[in-house]
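Coordinate analysis (summary)
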Amino acid sequence: MADEAMIAVRDAWLTYGRGASAVSVLRGASLDVPAGQSLAVTGPSGSGKSTLLMVLGGLERPDRGAVSVAGENLVALSEDALTAFRGRSMGIVFQSFHLIPTMTALENVAVPLELAHAPAPRERALAELAAVGLADRADHYPAELSGGEQQRVAIARALAPRPAVLLADEPTGNLDEATGAEIADLMFASCRERGQTLVLVTHDMALAAQCARIVRVSEGRIAEFAVGEAAA
Amino acid sequence: MPLALVLALREMRGGLRGFYVFLACIALGTGTIAAVNSLAFGLTDGIRAEGQAILGGDAAFSLIHRQASAEERAFLEARGAVSTVATLRAMARTLDGERQSLVELKGIDGAYPLYGAASLRSGEALQAVLAPAPEGEPVPAVVEPSFLETTGLAVGDDFALGRVEARVAGVIAREPDRLSGGIAFGPRVMVPIGALERAGLVGVGSLVRWRYRLAGRDGPLPDDALKALVREAGEAFPSAGWRIETRTEAAPGLERSIDRFAQFLTLVGLTSLAVGGVGVANAVRAYLARKRQTIATLRALGAPGRLVFATYFVQIVLLAAIGIAVGLVLGALAPPLAAAFLADLLPVSGLMRVFPGALALAALYGLLTAVAFAIWPLASAYAVRPSALFRDEGPAPKSPIRWRFVAATGGAIALLAALAVAAAYDRWLAAIYVGAAAAVFLTLRVVALLIVAGARALPRSGSTVVRLAIANIHRRGALTPTVTLSLGLSLTLLVTLSLVDGNLRRTLLSRLPAEAPSFFFLDIQDSERDAFAAALTALAPTAELRTQPMLRGRIVAINGTRSEDWPDTEASWVLRGDRGITYDQALPANSEVVTGAWWPPEGPAGNELSFASDLAGELGVGVGDVVRINVLGREVEATISNLRTVEWETLSINFVMIFSPNVFAGAPHAHLATLTFPGGAGEEQELALLREVSAEFPTVTAIRVKEALETVNGVVQDLVTAIRAAAALTLIASVLVLAGTLAASHRARIYDAVILKTLGARRRTLIGAYTLEYLILGGTAALFGVGAGVVAARFIAVELMELEFVFLPLAALSAVALAVAIAVALGLVGTWRALGEQPARVLRNL
C-alpha cells in the first residue's frame, strides 16, 4: 500500500445476499488515490460504483480485502469508531441531498460540527454557507430551497468539518444542466482550495472529465479509464 | 443543552403528525388513573375533614340493645357536651293501612347535631320543628323525600309509627351525619328521641343502636384529649361493650370501600394504558420508519448510535409528557365535576382542589407505559445504516436482538408492575392482576404469531377474495399483531366484567324464588312471639315460618388476643363491630358439622359455640379456641366445639356464631323470623301480608327480601356502571390504536388497491377481501377475549366473590359481535378511500 495514498483499496470482495440470490458486487477491486487528487468513478448501472463509494466511506465492509483512508484501516474499526472517523475525516454529498427537513440550512451545516463537538459550530456553519453563496438563506428550511440550493447546503455541510476526503455520489444527478455545472464548479473549487481528496461517482462523462483521473468499474473490478482535465 | 435534546427539539418542529393516537392513548390512560385517584383522595379527604360532622362529634360511643348506664353517661358528660341519637329500622304505615314502608328511623335529642348543620327544605330550624309533642298529639317527624313518594303522604299528613301516630313536619334537605350509618334499606325518618319509647320500638333486645356523641365544650377536643378519652373509657368501663369511634376515622368502612373501588378502577385504567401502549409502540415504529432517512443522514455525518437513540428517546419522553399533561388536566377536572353529581351522596368538600399525589402517580404510570412500550421499537434506530442513503433498501432490516434494550424494556415493565402493586389498596389482588395481564399479553403475542403462521401455511385458495385476505394476514407489516393485541386485551376486560356482573346479578336475583324467604321480621319481642307465629300461620298457612333468638354481640378477643390485634384476613369483618348471634339446641337443618361435634341434647358442660367453617378457615380459628364476646355489656367466653357449613346464598337465617343455649340463659332478647313461601310468592300476596302484619304487630320490623335485594342491586348497579364506564375507555383506547394502525398502513393499502385495480380487480373483490381479513382478525381476537375473559371472570367470581360461576353466552356473544363489528367497520372505513383513488393519479406519484 503506497504510503502517500490518501485512499488505498486492496483486493476488495463484497457479495450481497446468500445462496441462489447472492450477487457479487466487488470482485477483487483495488484502487490508490493520492492525497489531493480528484477521481471520477464511472461505469454502467449495477456495476458497483455506489458500493465502492460506500466501502470507501466505511458505510459497507468488504467481505475480504483491505481499505485504508487517511492512514486508518477501516476494516478494523468498530461501528462507533467508524462513525467518529467519518464525522472527522470524510464529507459525503448525495444525489438526493439528504438534508434533514426539520432543520434550517444553517442547522443542517452545523450538525456535523456539533456532532464533532467543534467550537463555535454556528459561526463556522454560517461561514461555510457564505462560501457557497447562501448566507442569506441560512434560516430557510430545505423545503423552502431550490434543488440547486439544497445541494449547495449539502456541499457546505460535507465541507464544514474540513474533511480530508470528500465523497460524492452523482452530486448533479438530480439537477438541471446549468445548476449541475454550478454545483460541480463549487465542489472542485472548494477541494482545490482546501487540498481535499475528491472521489466522485457519476454517469456524466463531462463531469468526470473535470477530475484529474477517471476509473471505470466493471463486473466488480476497477480499471484505469482516462486522465481528466484537472490532471493537466 | 445536551446535543440529544437539541436534535430532538429540532426534529419535533415537524409537529405532532403521526402522534395523535400516541397522545390520545397516553392521555386517556393517564387521565383515567388521575381522575379515579384524585376522586378517591378527595372523597377520603372530605370524609376526614368532615369527620366530626359525619361522626356527629369528636368521639362517638355506640351501644346496641341497651342504653348507657347512669355511670357511663356521667363519665361522658364530665368530658364534654353529649348528644344522644338512636337509630333502628322500623315500619311506618299510612293510617288507612294501605301503604307501609320500612324506614331508617332516627331519634334525636335537643343537642343534635353537635357538629355540622342539619337543614330542612322549608328552611325552618330542625330542633324547632322536632320539638317533642305533648301527650296525645302526633309525634313530629321529618322525612326524606323518598318516604313521601313511597307512602303518598305530604307534609302535614299523619302516619303510624310503631304504636303512635306521627305527623310529617318537614322534609330533610341535609343530614350531616348520614354517612355514619350503613347501607340504607329505606328512607330516613327523624323523630324526637323520646318518641321511640312512646312508639314501643325500644323493647327488650330491640335492634336499636344508641350513639352517644361527645364534643369539647370549648371547641373540638384536642387529639391528646381524644386519645386520653378513649383510654380512660376503656379503663373505667372495660366491659361496656361499646364501640368507640373518633373523628379521625369517622367512616372507616366507607373509606375502605372508596379505596377498594378506586383500586379496581385504577386497574381498569392500567388496562387502558396497556392497550394504549400498543398504540404507543405502533406510533413510535411508524415514526422511526418515516425518519429512517434522517437517522441515516445523522449516522453518515458522524452521529453514534447511542446519540441517535437518545435523540429519539428524548422526543418520545417529551411527547409522552404532552399526553400526560393532557391526561392530568382531564384528571384534575374530574373531582370538581364529580362533586356536582355526588353532592347528595358523599362529602364533596374535599373535591374542589388539585391532588398532586394522585396526579404524580398517574404521570408516573403514563411515563413508565410510554417508556416500556417505546424502547423496543426505538431500538430499531440502531439498525438504520447510512448506506440506506445510497439506495432504497426497502423495509428496515431486522436488527439483531440487543440485550440492553430487552433489559431496559423489562426494567420499565417491572417498575410499572411494582408501582401497580405498591400503590394498590389490596396488593395481593394487584399482583394477580399484573400476572394475569402479563399472561394475556404474552398469549396474545403467541396467538398473533400462530395466526400469521397458520395463514402462511394454508393451501392456496381458488378464490381471489380468500387468497387476498389470507395474504394480507401474513404479509410483512400486516395488521395481525396490532389487532389481536389491542382488541384482544380490551375484549378480555369487557368479557370479564360482563360475566362477573351477570353472575353477580344472577346470584342476587334469579335464584331467589325457589330458595329464599320472602320476609325477614326483626324485633319480635319474647312476649309476642307465640301470637306472631300464630298470626303468620293463619295469614300464610302454606308458608314456612322459622324463628330464632337474636342478639347482637361483638367479639372482644380470641384466645386472649384482642380483636384489633388479630391478624388481618379476608374475614376480618367478622371481628369489626357487632354481629348477629343466636343460640340453639339443635344444628340448623341446612348445616353440617365438618369439624368437632355438636353439643348433646342435654346441653354441654361449659359454654360452647359453633363457628361457620368457611369464615373460621379464613380467620384462622378452630375447635378448641376460646372466643370472648360482649353481649348487652356483659362479656362471656365460650369454646368453639365445632365448625359447620353455612349456605349463605340461600338467604335463610344464618349466623356466623351459634352458642349453646346455656350461654345466654336468662338474657333478655328479641327474635328474628323468616317466612318462606314454597316456590316463592307474588307481589300482591307479599304486600297483603305486609299490610296485615304491620297493622297487627306495629313494632315488628318487616323486611321484604325482594325490596332489600333491589336496594343492594341498585348499589351494585351504580358501581357496575362506573366500572363499565372505565372499561369503555379501554375499548376507546383499543379503537384508537386500531384506527392509528390502519392510518399508518393507509399508504400501503392505497398502493395495493391501485395496483390490483390496474390489474383488473373489481371493487367488490377488494371489499370482499378486506372484509374477510378483518372478520378473521376480529373473530380471532374475540374468541381469545371470550376464552381469557371466562377464565378471569371465573377466578373473580369463584375465588374472590365466592359466587357460583355460570357461563352466560349472551354477554360473551355481545362482546364477540362488538369486536368483529369494530374491526370490520374500522377496517372498511380506512380502506374505502383507498378504493376510491384514481389509479392513474396514484401511479404517477409512486
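Residues numbered from 1 in each chain as written. Chains lettered and ligands numbered in written order. Predicted model: local features only at pLDDT ≥ 70, side-chain atom pairs only at ≥ 80, totals over all residues. Heavy atoms only, no water.

Each helix and strand in chain A was counted, giving 7 helices and 10 strands. A globule of 232 residues ought to have a C-alpha radius of gyration of about 17 Å, and chain A, at 17 Å, matches this closely. Each principal axis of the C-alpha distribution contributes one length, and for chain A these read about 50 × 40 × 40 Å. The proportion of buried residues among the 232 residues of chain A is 55%. For chain A, the share of sequence-separated contacts (at least 6 apart) that also reach a separation of at least 24 residues comes to 65%. When the accessible surface of chain A is summed, it comes to about 9400 Å², and 51% of that surface belongs to carbon and sulfur atoms. (Helix = DSSP H or I, 4+ residues; strand = E, 2+ residues; numbered from the N terminus. Rg over C-alpha atoms; globule rule 2.2 N^0.38 Å. Buried < 20%, exposed > 50% of the residue type's maximum accessible area, 1.4 Å probe, protein only. Contact = heavy atoms within 4.5 Å. Areas by Shrake-Rupley, 256 points an atom, 1.4 Å probe, with all protein chains shown as cover.)

A few words now on the interface of chain B and chain A. Accessible area lost on assembly of the parts is the figure often given for the size of an interface. Between chain B and chain A, the residue contacts involve 26 residues of the former and 28 residues of the latter. Between chain B and chain A the total buried area reaches about 2500 Å² when both faces are included, carbon and sulfur atoms providing 60% of it. It is Arg10, Leu301 and Phe390 of chain B that lose the most area in chain B upon contact with chain A, and together they represent 31% of the buried surface on that side. Inspection of the region where chain B meets chain A yields 5 salt bridges. Among the ionic pairs, Arg306 of chain B bridges to Asp80 of chain A, the shortest N-O distance being 3.2 Å. Where chain B packs against chain A, one counts 11 residue pairs in polar contact (both at pLDDT 80 or more). (Buried area = accessible area lost by both parts, 1.4 Å probe. Salt bridge = Lys/Arg side-chain N within 4 Å of Asp/Glu carboxyl O. Polar contact = N/O pair within 3.5 Å; in protein donor to acceptor, adjacent residues only side chain to side chain.)

What follows concerns the sheet that holds strand S6 (residues 90-93) of chain A. Residues and elements named next belong to chain A. Read across the sheet, 6 strands follow the order S6-S7-S8-S3-S9-S10 without closing on themselves; strand pairing throughout is mixed. Either end of the sheet is taken by a strand with one partner, and the two such strands are S6 and strand S10 (221-227). Looking at each pair of strands side by side, their axes are set apart by 20 degrees on average, direction ignored. Here strand S7 (residues 165-169) runs beside strand S8 (residues 197-201); their pairing, made up of 5 bridges, is parallel. Its bridge partner being in S8, Leu166 is matched across the sheet by Leu198. Relative to the sheet, helix H1 (residues 49-56) contacts strand S3 (38-42), S6, S7, S8, strand S9 (213-218) and S10, its axis offset from that of S7 by approximately 155 degrees. Against the sheet, helix H6 (residues 177-194) contacts S3, S7 and S8, and its axis sits at roughly 155 degrees relative to S8. (Pairing = 2+ DSSP bridges. Axes fitted to C-alpha atoms, helices over the stretch in contact; angles between N-to-C directions.)

Counting residues in hydrophobic clusters, the biggest one holds 181 residues, and the most contacted among them are Ile7 of chain A together with Phe22, Tyr365 and Leu487 of chain B. Looking at which element gives the most residues to this core, the answer is helix H9 (residues 252-290) of chain B, with 16 residues. Membership of the second largest hydrophobic core comes to 42 residues, among which are Phe75, Ala90, Val171 and Trp210 of chain B. (Core = buried A, V, L, I, M, F, W, Y, C linked by side-chain atoms within 4.5 Å.)

Another point: the sheet that holds strand S4 (residues 64-69) of chain A. Residues and elements named next belong to chain A. Ordered in space as S2-S1-S4-S5, the 4 strands form an open sheet in which the pairing is antiparallel. Sheet topology places strand S2 (23-34) and strand S5 (72-73) at the edges, where each strand pairs with a single neighbour. Strands strand S1 (5-16), S2 and S4 of the sheet are contacted by H1, whose axis makes an angle of about 120 degrees with S1.

Moving on, we come to the packing of aromatic side chains. Residue and element names in this part refer to chain B. As enumerated under the stated definition, the model contains 17 aromatic pairs over all chains in all. Ring geometry for Phe373 against Phe441: centres 5.7 Å apart, planes inclined by 55 degrees, an arrangement best described as tilted. Of the two residues, Phe373 sits in helix H12 (residues 356-378) while Phe441 sits in helix H14 (residues 427-457), which places them 68 residues apart along the sequence. You'll find Phe373 and Phe441 in the same group, each marked buried. Ring centres 4.2 Å apart and planes at 35 degrees place the aromatic pair Trp598 and Trp599 in the tilted group. The pair formed by Trp598 and Trp599 is uniform in burial state, with each residue classed as buried. (Phe/Tyr/Trp six-rings, centres within 6.5 Å; stacked < 30°, edge-to-face > 60°.)

Take the environment of Ala40 of chain A next. Residue and element names in this part refer to chain A. Relative to the elements of secondary structure, Ala40 occurs in strand S3. Sequence separation of Ala40 and Pro163 is 123 residues, and the distance between their C-alpha atoms is 18 Å. Discounting chain neighbours no more than four positions away, the residues touching Ala40 are Leu200, Ala208, Cys211, Arg213, Ile214 and Val215.

Right, let's talk about the side chain of Thr172 of chain A for a bit. Secondary-structure assignment places Thr172 of chain A in the loop between S7 and H6. With residues up to four places along the chain from it excluded, the contact list for Thr172 of chain A reads Gly180, Ile183 and Leu207 of chain A.

Relative to the assigned elements, Gly680 of chain B resides in the loop between strand S20 (670-676) and helix H20 (683-696). Considered as a pair, Gly680 of chain B and Ala543 of chain B are 137 residues apart in the sequence and their alpha carbons are 9.2 Å apart.

Partitioning chain B into structural domains gives domain 1 (1-50 + 251-425), domain 2 (54-249), domain 3 (426-514 + 704-846) and domain 4 (544-676). Centre-to-centre, using C-alpha coordinates, domain 3 of chain B lies 49 Å away from domain 4 of chain B. (Domains from an automatic or database assignment.)

Residue and element names in this part refer to chain A. Buried residues dominate S7, accounting for 5 of its 5 residues. Direction of pairing for S6 relative to S7: parallel, over a ladder of 4 bridges. In the sheet register, Gly91 faces S7, and the bridge partner there is Leu166. At this point the chain moves from S7, through H6, to the parallel S8, and the crossover so formed is right-handed. (Right-handed = clockwise from strand over helix to strand, strands pointing away.)

Residues and elements named next belong to chain B. One way to put it is that helix H13 (residues 403-422) packs onto H14 with a least axis distance of 8 Å and a crossing angle of 150 degrees. Put simply, H13 runs roughly antiparallel to H14. Remark: the crossing between H13 and H14 carries right-handed chirality. Mapping the contact onto sequence places Ala417, Ala420, Val421 and Ala422 in H13 and Arg427, Ala430, Ala431 and Val434 in H14. The residue inventory of the contact of H13 with H14, partitioned by class, reads 7 nonpolar, no polar and 1 charged. (Parallel < 35°, antiparallel > 145°, perpendicular 65-115°, else oblique. Left-handed = near helix turned anticlockwise from the far one by under 90°. Nonpolar A, V, L, I, M, F, W, Y, C, P; charged D, E, K, R; others polar.)

So, on to helix H5 (residues 147-159) of chain A. Owing to its 3.6 residues per turn, the α-helix aligns residues three or four sequence positions apart on the same side. Between the first and last C-alpha of H5 of chain A there are 18 Å, a value that for 13 residues agrees with the 18 Å anticipated at 1.5 Å per step. Among the residues of H5 of chain A, those classed as buried are Gly148, Glu149, Gln150, Gln151, Val153, Ala154, Ile155, Ala156, Arg157, Ala158 and Leu159 of chain A. Turning to H5 of chain A, the residues buried within the fold contact S6, helix H3 (105-115), helix H4 (121-131), S7 and H6 of chain A together with helix H10 (292-300) of chain B. (Expected span 1.5 Å × (residues − 1).)

Another point: empty space enclosed by the protein. Residues and elements named next belong to chain B. The full count for this structure, using the stated rule, is 7 cavities of 30 Å³ or more. Its volume calculated, the largest cavity comes out at about 100 Å³. In this structure, the largest cavity is lined by 16 residues; those nearest its centre are Leu63, Ile64, Gly241, Asp578 and Asn630. Listing elements by their share of the lining of the largest cavity, those giving two or more residues are strand S1 (59-64), strand S12 (544-558) and strand S17 (626-631). Among the residues forming the lining of the largest cavity, the class breakdown is 6 nonpolar, 5 polar and 5 charged. In this model, the second largest cavity occupies a volume close to 70 Å³. Looking at the second largest cavity, the residues that line it are Arg546, Gln548, Asp584, Pro588, Ser591, Arg644, Val646, Ile653, Asn654, Phe655 and Ile658. Broken down by class, the residue content of the lining of the second largest cavity amounts to 5 nonpolar, 3 polar and 3 charged. (1 Å grid on protein atoms, 1.4 Å probe; cavity = no way out; pocket = protein on both sides within 12 Å on 5 of 7 lines; lining within 4 Å. Points joined across faces, edges and corners; volume = space filled by probe spheres on them.)

All names here are of chain A. Taken together, the side chains of Asp176, Glu177, Glu182, Asp185 and Asp204 make up a negatively charged region of the molecular surface. Examined against the element boundaries, Asp204 turns out to sit in the loop between S8 and helix H7 (205-209). Here Asp204 falls in the partly exposed class, since its relative accessible area comes to 34%. (Patch = residues over 30% accessible without salt bridge, like charges linked within 9 Å, V, L, I, M, F, W, Y side chains within 5 Å. Lys, Arg positive; Asp, Glu negative; His and termini not counted. Charge placed at Lys NZ, Arg CZ, Asp CG, Glu CD.)

Before going further, it helps to examine the environment of Phe225 of chain A. Residues and elements named next belong to chain A. Within the secondary structure, Phe225 is located in strand S10. Separated by 219 residues in the primary sequence, Phe225 and Met6 place their C-alpha atoms 20 Å from one another. With residues near it in sequence (within four places) discarded, Phe225 still touches Met205, Ile214, Val215 and Arg216.

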